[in-house]
Amino acid sequence: LALVRVPELRALVEDTRDATAEIQLPNGPRALIRAARTYGRAGCVLLLEDVTTMRRLETVRRDFVANVSHELRTPVAVIRANAETLIAGAANDPPLARQLIDGLHRNAARLARILADLLDLSRLDAGQYRLELAPVSVKSVTEQSLTAVETPALARGVAVEVAVPGELLVRADAKALDQILVNLIDNAVKYTRAEGHVWVEARAVGDAVRIEVRDDGPGIADKHRERVFERFYRADPSRSREAGGTGLGLSIVKHLVESMGGEVGVEPNAPRGSIFWLRLPE
Ligand code: ADP
(Lines give C-alpha, C1' and ligand atoms only; values in the text may rest on other atoms or scores of the structure.)
Protein backbone atom coordinates (compact mmCIF):
# COMPACT_ATOMS: atom_id res chain seq x y z
CA LEU A 1 0.00 0.00 0.00
CA ALA A 2 2.94 2.27 0.63
CA LEU A 3 4.21 1.50 -2.85
CA VAL A 4 0.97 1.49 -4.80
CA ARG A 5 -0.86 4.60 -3.73
CA VAL A 6 -4.23 3.80 -5.23
CA PRO A 7 -7.19 4.77 -3.03
CA GLU A 8 -9.42 1.99 -4.48
CA LEU A 9 -6.82 -0.60 -3.47
CA ARG A 10 -6.67 0.78 0.06
CA ALA A 11 -10.47 0.66 0.27
CA LEU A 12 -10.42 -2.97 -0.85
CA VAL A 13 -7.90 -3.92 1.85
CA GLU A 14 -9.68 -1.97 4.55
CA ASP A 15 -13.11 -3.36 3.69
CA THR A 16 -14.08 -5.99 6.24
CA ARG A 17 -15.82 -8.16 3.65
CA ASP A 18 -14.51 -10.13 0.66
CA ALA A 19 -14.62 -7.85 -2.34
CA THR A 20 -13.62 -7.55 -5.99
CA ALA A 21 -12.63 -4.48 -7.96
CA GLU A 22 -11.05 -3.66 -11.31
CA ILE A 23 -8.37 -1.05 -10.91
CA GLN A 24 -6.06 0.75 -13.31
CA LEU A 25 -2.68 0.64 -11.57
CA PRO A 26 -0.60 3.78 -12.14
CA ASN A 27 1.86 3.19 -15.03
CA GLY A 28 0.92 -0.45 -14.85
CA PRO A 29 -1.65 -2.95 -15.96
CA ARG A 30 -5.36 -2.91 -15.52
CA ALA A 31 -5.89 -5.39 -12.70
CA LEU A 32 -8.85 -7.41 -11.52
CA ILE A 33 -8.32 -7.64 -7.77
CA ARG A 34 -10.01 -10.00 -5.38
CA ALA A 35 -9.61 -9.48 -1.64
CA ALA A 36 -10.32 -12.44 0.62
CA ARG A 37 -10.33 -12.45 4.40
CA THR A 38 -10.73 -16.19 4.80
CA TYR A 39 -7.31 -16.38 6.41
CA GLY A 40 -8.15 -14.66 9.66
CA ARG A 41 -8.83 -11.15 10.77
CA ALA A 42 -5.32 -9.93 10.91
CA GLY A 43 -4.69 -9.97 7.21
CA CYS A 44 -6.18 -10.25 3.81
CA VAL A 45 -5.21 -12.13 0.65
CA LEU A 46 -5.16 -10.08 -2.53
CA LEU A 47 -5.28 -11.87 -5.87
CA LEU A 48 -4.29 -9.57 -8.75
CA GLU A 49 -5.02 -10.62 -12.30
CA ASP A 50 -3.69 -8.58 -15.23
CA VAL A 51 -6.71 -8.03 -17.50
CA THR A 52 -5.15 -5.37 -19.78
CA THR A 53 -5.06 -7.56 -22.90
CA MET A 54 -8.49 -9.03 -22.28
CA ARG A 55 -10.07 -5.58 -21.91
CA ARG A 56 -8.27 -4.28 -24.99
CA LEU A 57 -9.53 -7.23 -27.04
CA GLU A 58 -13.05 -6.65 -25.79
CA THR A 59 -12.82 -3.05 -27.00
CA VAL A 60 -11.51 -4.20 -30.39
CA ARG A 61 -14.40 -6.63 -30.67
CA ARG A 62 -16.99 -4.01 -29.68
CA ASP A 63 -15.56 -1.51 -32.17
CA PHE A 64 -15.59 -4.17 -34.87
CA VAL A 65 -19.27 -4.98 -34.33
CA ALA A 66 -20.09 -1.25 -34.30
CA ASN A 67 -18.13 -0.74 -37.54
CA VAL A 68 -19.79 -3.68 -39.28
CA SER A 69 -23.25 -2.43 -38.30
CA HIS A 70 -22.38 1.04 -39.52
CA GLU A 71 -21.13 -0.29 -42.88
CA LEU A 72 -24.23 -2.41 -43.43
CA ARG A 73 -26.68 0.32 -42.48
CA THR A 74 -26.35 2.53 -45.57
CA PRO A 75 -26.81 -0.12 -48.28
CA VAL A 76 -29.65 -1.74 -46.33
CA ALA A 77 -31.39 1.64 -45.96
CA VAL A 78 -31.09 2.34 -49.69
CA ILE A 79 -32.41 -1.12 -50.64
CA ARG A 80 -35.33 -0.71 -48.32
CA ALA A 81 -36.22 2.83 -49.44
CA ASN A 82 -35.99 1.93 -53.15
CA ALA A 83 -38.10 -1.20 -52.71
CA GLU A 84 -40.72 0.76 -50.77
CA THR A 85 -40.85 3.46 -53.44
CA LEU A 86 -41.31 0.80 -56.13
CA ILE A 87 -44.10 -0.88 -54.17
CA ALA A 88 -45.79 2.48 -53.57
CA GLY A 89 -46.26 2.93 -57.33
CA ALA A 90 -42.93 3.94 -58.88
CA ALA A 91 -42.95 0.60 -60.70
CA ASN A 92 -45.43 2.23 -63.12
CA ASP A 93 -43.00 5.03 -63.96
CA PRO A 94 -40.37 3.26 -66.10
CA PRO A 95 -37.54 5.87 -65.99
CA LEU A 96 -37.84 6.23 -62.20
CA ALA A 97 -38.24 2.47 -61.75
CA ARG A 98 -35.04 1.88 -63.75
CA GLN A 99 -33.15 4.31 -61.50
CA LEU A 100 -34.47 2.67 -58.33
CA ILE A 101 -33.64 -0.83 -59.59
CA ASP A 102 -30.10 0.31 -60.45
CA GLY A 103 -29.80 1.55 -56.86
CA LEU A 104 -31.07 -1.80 -55.56
CA HIS A 105 -28.56 -3.66 -57.68
CA ARG A 106 -25.60 -1.43 -56.71
CA ASN A 107 -26.33 -1.64 -53.02
CA ALA A 108 -27.00 -5.38 -53.04
CA ALA A 109 -23.62 -5.78 -54.75
CA ARG A 110 -22.07 -3.61 -52.04
CA LEU A 111 -23.57 -5.78 -49.30
CA ALA A 112 -22.26 -8.88 -51.06
CA ARG A 113 -18.75 -7.37 -51.19
CA ILE A 114 -18.77 -6.47 -47.50
CA LEU A 115 -20.02 -9.94 -46.56
CA ALA A 116 -17.44 -11.68 -48.76
CA ASP A 117 -14.64 -9.64 -47.12
CA LEU A 118 -16.01 -10.32 -43.62
CA LEU A 119 -16.20 -14.02 -44.38
CA ASP A 120 -12.59 -14.04 -45.59
CA LEU A 121 -11.47 -12.23 -42.44
CA SER A 122 -13.32 -14.57 -40.13
CA ARG A 123 -11.93 -17.63 -41.96
CA LEU A 124 -8.43 -16.15 -41.67
CA ASP A 125 -8.95 -15.40 -37.96
CA ALA A 126 -10.21 -18.91 -37.31
CA GLY A 127 -7.32 -20.46 -39.26
CA GLN A 128 -9.81 -22.01 -41.69
CA TYR A 129 -8.47 -20.26 -44.78
CA ARG A 130 -6.44 -23.13 -46.26
CA LEU A 131 -3.20 -21.97 -47.80
CA GLU A 132 -1.25 -24.36 -49.95
CA LEU A 133 2.29 -23.10 -50.27
CA ALA A 134 4.15 -24.06 -53.42
CA PRO A 135 6.59 -22.36 -55.81
CA VAL A 136 4.49 -19.89 -57.78
CA SER A 137 5.49 -17.78 -60.79
CA VAL A 138 5.06 -14.11 -59.85
CA LYS A 139 4.66 -13.16 -63.48
CA SER A 140 1.81 -15.55 -64.24
CA VAL A 141 -0.11 -14.62 -61.07
CA THR A 142 0.40 -10.90 -61.84
CA GLU A 143 -0.96 -11.40 -65.36
CA GLN A 144 -4.00 -13.15 -63.96
CA SER A 145 -4.58 -10.40 -61.34
CA LEU A 146 -4.41 -7.73 -64.02
CA THR A 147 -7.43 -9.14 -65.82
CA ALA A 148 -9.53 -8.25 -62.77
CA VAL A 149 -8.58 -4.56 -62.90
CA GLU A 150 -8.63 -4.01 -66.68
CA THR A 151 -12.15 -2.61 -66.73
CA PRO A 152 -11.77 -0.09 -63.87
CA ALA A 153 -8.35 0.97 -65.22
CA LEU A 154 -9.82 1.58 -68.66
CA ALA A 155 -12.77 3.48 -67.17
CA ARG A 156 -10.43 5.87 -65.31
CA GLY A 157 -7.86 6.10 -68.09
CA VAL A 158 -5.18 4.70 -65.79
CA ALA A 159 -2.16 3.06 -67.48
CA VAL A 160 -0.86 -0.04 -65.70
CA GLU A 161 2.75 -0.99 -66.48
CA VAL A 162 4.21 -4.33 -65.44
CA ALA A 163 7.87 -5.25 -65.03
CA VAL A 164 8.08 -8.75 -63.56
CA PRO A 165 10.89 -11.10 -64.66
CA GLY A 166 9.52 -14.42 -65.91
CA GLU A 167 11.86 -16.54 -63.79
CA LEU A 168 10.85 -15.11 -60.36
CA LEU A 169 9.27 -17.67 -58.06
CA VAL A 170 7.83 -17.24 -54.56
CA ARG A 171 6.67 -19.79 -52.04
CA ALA A 172 3.01 -18.89 -51.81
CA ASP A 173 -0.56 -19.96 -52.29
CA ALA A 174 -1.40 -18.91 -55.86
CA LYS A 175 -5.01 -17.98 -55.05
CA ALA A 176 -3.99 -15.91 -52.02
CA LEU A 177 -1.26 -14.13 -53.98
CA ASP A 178 -3.79 -13.32 -56.69
CA GLN A 179 -6.19 -11.92 -54.07
CA ILE A 180 -3.37 -9.81 -52.59
CA LEU A 181 -2.31 -8.39 -55.96
CA VAL A 182 -5.88 -7.73 -57.10
CA ASN A 183 -6.47 -5.76 -53.90
CA LEU A 184 -3.28 -3.71 -54.20
CA ILE A 185 -3.56 -3.01 -57.93
CA ASP A 186 -7.28 -2.26 -57.65
CA ASN A 187 -6.55 0.25 -54.86
CA ALA A 188 -3.80 1.87 -56.90
CA VAL A 189 -6.15 2.22 -59.90
CA LYS A 190 -8.99 3.44 -57.67
CA TYR A 191 -7.06 6.01 -55.67
CA THR A 192 -4.65 7.39 -58.24
CA ARG A 193 -5.76 10.41 -60.25
CA ALA A 194 -7.76 9.90 -63.46
CA GLU A 195 -5.30 9.38 -66.37
CA GLY A 196 -2.72 8.40 -63.74
CA HIS A 197 -0.14 5.60 -63.74
CA VAL A 198 0.30 2.36 -61.85
CA TRP A 199 3.46 0.25 -61.89
CA VAL A 200 3.72 -3.36 -60.80
CA GLU A 201 7.31 -4.51 -60.33
CA ALA A 202 9.06 -7.45 -58.71
CA ARG A 203 12.68 -8.34 -58.01
CA ALA A 204 14.70 -10.75 -55.93
CA VAL A 205 16.13 -9.28 -52.71
CA GLY A 206 18.38 -11.74 -50.88
CA ASP A 207 16.40 -14.93 -50.45
CA ALA A 208 13.06 -13.16 -50.79
CA VAL A 209 11.06 -11.51 -53.55
CA ARG A 210 9.88 -7.93 -53.27
CA ILE A 211 6.74 -7.04 -55.19
CA GLU A 212 5.78 -3.38 -55.47
CA VAL A 213 2.58 -1.70 -56.59
CA ARG A 214 3.24 2.01 -57.15
CA ASP A 215 0.95 4.81 -58.22
CA ASP A 216 1.29 8.53 -58.89
CA GLY A 217 -1.93 9.55 -57.17
CA PRO A 218 -2.35 11.87 -54.18
CA GLY A 219 -0.61 9.40 -51.84
CA ILE A 220 -1.46 8.85 -48.18
CA ALA A 221 -0.73 11.41 -45.45
CA ASP A 222 1.77 10.35 -42.76
CA LYS A 223 -0.85 10.17 -40.01
CA HIS A 224 -2.98 7.73 -42.04
CA ARG A 225 -0.17 5.63 -43.51
CA GLU A 226 0.45 3.73 -40.27
CA ARG A 227 -3.17 2.73 -40.02
CA VAL A 228 -4.44 1.80 -43.49
CA PHE A 229 -3.94 -1.93 -42.79
CA GLU A 230 -6.46 -1.79 -39.91
CA ARG A 231 -9.96 -3.10 -40.44
CA PHE A 232 -12.34 -0.40 -41.73
CA TYR A 233 -9.64 2.27 -41.57
CA ARG A 234 -9.88 4.71 -44.48
CA ALA A 235 -7.68 7.67 -45.24
CA ASP A 236 -10.43 9.22 -47.34
CA PRO A 237 -13.80 7.70 -46.35
CA SER A 238 -16.00 9.41 -48.94
CA ARG A 239 -13.64 8.53 -51.79
CA SER A 240 -13.44 4.93 -50.61
CA ARG A 241 -17.22 4.45 -50.44
CA GLU A 242 -17.76 6.24 -53.73
CA ALA A 243 -15.25 3.84 -55.32
CA GLY A 244 -17.09 0.85 -53.80
CA GLY A 245 -14.46 0.13 -51.13
CA THR A 246 -15.25 -1.88 -48.01
CA GLY A 247 -12.30 -0.67 -45.90
CA LEU A 248 -11.31 -4.31 -45.37
CA GLY A 249 -9.10 -5.02 -48.39
CA LEU A 250 -5.74 -4.09 -46.86
CA SER A 251 -6.44 -5.89 -43.58
CA ILE A 252 -7.10 -9.06 -45.60
CA VAL A 253 -3.90 -8.43 -47.61
CA LYS A 254 -1.85 -8.11 -44.40
CA HIS A 255 -3.37 -11.24 -42.91
CA LEU A 256 -2.71 -13.28 -46.08
CA VAL A 257 0.87 -12.04 -46.54
CA GLU A 258 1.75 -12.77 -42.91
CA SER A 259 0.11 -16.20 -43.07
CA MET A 260 2.54 -17.02 -45.87
CA GLY A 261 5.54 -15.89 -43.81
CA GLY A 262 5.87 -12.56 -45.60
CA GLU A 263 5.77 -8.88 -44.79
CA VAL A 264 3.78 -5.99 -46.25
CA GLY A 265 4.05 -2.22 -45.95
CA VAL A 266 3.49 1.13 -47.56
CA GLU A 267 5.84 4.02 -48.30
CA PRO A 268 5.42 7.33 -50.05
CA ASN A 269 6.35 7.28 -53.73
CA ALA A 270 8.48 10.10 -55.18
CA PRO A 271 7.46 12.65 -56.35
CA ARG A 272 3.90 11.59 -55.46
CA GLY A 273 1.68 8.59 -54.82
CA SER A 274 2.20 5.46 -52.78
CA ILE A 275 4.28 2.30 -52.91
CA PHE A 276 2.60 -0.77 -51.46
CA TRP A 277 5.24 -3.49 -51.17
CA LEU A 278 5.35 -7.07 -50.05
CA ARG A 279 8.17 -9.49 -49.39
CA LEU A 280 7.62 -13.19 -49.74
CA PRO A 281 10.15 -15.99 -49.26
CA GLU A 282 11.54 -17.51 -52.45
P1 ADP B 1 -11.00 0.35 -49.29
O2 ADP B 1 -12.02 -0.69 -49.52
O3 ADP B 1 -11.52 1.58 -48.63
O4 ADP B 1 -10.16 0.63 -50.49
P5 ADP B 1 -8.57 -0.82 -48.15
O6 ADP B 1 -8.39 -1.58 -46.88
O7 ADP B 1 -8.23 -1.50 -49.43
O8 ADP B 1 -10.07 -0.32 -48.14
O9 ADP B 1 -7.71 0.51 -48.05
C10 ADP B 1 -7.80 1.31 -46.87
C11 ADP B 1 -7.62 2.78 -47.20
O12 ADP B 1 -6.28 3.04 -47.61
C13 ADP B 1 -8.48 3.28 -48.37
O14 ADP B 1 -9.76 3.64 -47.93
C15 ADP B 1 -7.69 4.47 -48.87
O16 ADP B 1 -8.02 5.62 -48.12
C17 ADP B 1 -6.23 4.10 -48.55
N18 ADP B 1 -5.51 3.63 -49.75
C19 ADP B 1 -5.27 2.34 -50.11
N20 ADP B 1 -4.52 2.27 -51.23
C21 ADP B 1 -4.24 3.54 -51.59
C22 ADP B 1 -3.49 4.15 -52.66
N23 ADP B 1 -2.87 3.41 -53.59
N24 ADP B 1 -3.45 5.52 -52.70
C25 ADP B 1 -4.06 6.26 -51.76
N26 ADP B 1 -4.79 5.75 -50.74
C27 ADP B 1 -4.88 4.42 -50.65
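Our structure's up above, just so we're on the same page.
Residues numbered from 1 in each chain as written. Predicted model: local features only at pLDDT ≥ 70, side-chain atom pairs only at ≥ 80, totals over all residues. Heavy atoms only, no water.

Caption draft 1: A look at the sheet that holds strand β8 (residues 208–215). Strand order in this open sheet of five strands is β5-β7-β8-β10-β9, and the pairing throughout is mixed. Taken across any chain shown, the strands that pair with only one partner, and hence form the sheet edges, are β5 (159–163) and β9 (263–268). Neighbour-to-neighbour, the strand axes of this sheet turn through a mean angle of 15 degrees, independent of strand direction. Sheet topology note: the β9/strand β10 (residues 274–281) ladder contains six bridges and is antiparallel. Residue pairing in the sheet places Gly265 in a bridge with Trp277 of β10. Sheet contacts for helix α4 (residues 138–156): β5, β7 (197–205) and β8; angle to β5, the most-contacted strand, approximately 175 degrees. Contacting β5, β7, β8 and β10, helix α5 (residues 174–191) runs over the sheet at an angle of about 25 degrees to β8. (Pairing = 2+ DSSP bridges. Helix = DSSP H or I, 4+ residues; strand = E, 2+ residues; numbered from the N terminus. Axes fitted to C-alpha atoms, helices over the stretch in contact; angles between N-to-C directions. Contact = heavy atoms within 4.5 Å.)

Caption draft 2: Quick peek at the packing of α5 against helix α8 (residues 249–259). Across the interface, α5 lies against α8 with an axial gap of 10 Å and an inter-helix angle of 145 degrees. Here α5 runs over α8; the crossing is left-handed. Of the residues in α8, those touching α5 at Ala176, Gln179, Ile180, Asn183, Leu184 and Asn187 are Gly249, Leu250, Ile252, Val253, Leu256 and Val257. In terms of residue class, the contact of α5 with α8 is built from eight nonpolar, four polar and no charged. (Left-handed = near helix turned anticlockwise from the far one by under 90°. Nonpolar A, V, L, I, M, F, W, Y, C, P; charged D, E, K, R; others polar.)

Caption draft 3: Region of the structure containing the nonpolar core. With 48 residues, the main nonpolar core has Leu177, Ile185 and Leu278 as its most contacted residues. Take this core: its biggest share by element is eight residues, from α5. Leave out the neighbours within four places in its chain, and Leu278 touches Leu177, Ile180, Leu184, Val209, Arg210, Ile211, Val257, Glu263 and Val264. Among the nonpolar cores identified, the runner-up in size contains nine residues, and Val6, Leu12, Ile23 and Ala31 belong to it. (Core = buried A, V, L, I, M, F, W, Y, C linked by side-chain atoms within 4.5 Å. Buried < 20%, exposed > 50% of the residue type's maximum accessible area, 1.4 Å probe, protein only.)

Caption draft 4: Structural context of helix α3 (residues 94–125). The terminal C-alpha atoms of α3, which comprises 32 residues, lie 46 Å apart, in line with the 46 Å expected from a rise of 1.5 Å per residue. Every buried residue of α3 is accounted for by Ala97, Leu100, Gly103, Asn107, Arg110, Leu111, Ile114, Asp117, Leu118, Asp120, Leu121 and Leu124. Considering only its buried residues, α3 is in contact with α2 (52–87), α5, α7 (237–242) and α8. Directly after α3, the chain includes Gly127, whose backbone phi takes a positive value near 70 degrees. (Expected span 1.5 Å × (residues − 1).)

Caption draft 5: Here's a closer look at the packing of aromatic side chains. Going through the model one piece at a time under the given rule, you end up with two aromatic pairs. Ring geometry for Phe64 versus Phe232: centroids 5.8 Å apart, planes at 40 degrees, classification tilted. Of this pair, Phe64 sits in helix α2 while Phe232 sits in the loop between α6 (222–225) and α7, placing them 168 residues apart in sequence. Taking relative accessible area as the criterion, Phe64 reaches 26% and is therefore assigned partly exposed. Arranged with centres 6.1 Å apart and planes meeting at 65 degrees, the rings of Phe229 and Phe276 form a pair that is edge-to-face. (Phe/Tyr/Trp six-rings, centres within 6.5 Å; stacked < 30°, edge-to-face > 60°.)

Caption draft 6: Focus on the site of the ligand. Inspection of the region around the ligand gives 21 residues, with Tyr191, Ser240, Thr246, Gly247 and Leu250 positioned closest. Between the ligand and Ala235 there is a distance of 3.0 Å, counted from an oxygen atom to a backbone nitrogen or oxygen. A distance of 2.8 Å is found between an oxygen atom of the ligand and a backbone nitrogen or oxygen belonging to Leu250. Isolated, the ligand exposes 540 Å² of accessible area, and the fraction of that covered by the protein chains is 97%. The set of elements that each furnish at least two residues to the shell around the ligand consists of α5, α8 and β10. Sorting elements by how many residues they give to the shell around the ligand places α5 first, with four residues. Residue composition of the shell around the ligand, grouped by class: nine nonpolar, eight polar and four charged. (Near = heavy atom within 4 Å. Polar contact = N/O pair within 3.5 Å; in protein donor to acceptor, adjacent residues only side chain to side chain. Areas by Shrake-Rupley, 256 points an atom, 1.4 Å probe, with all protein chains shown as cover.)

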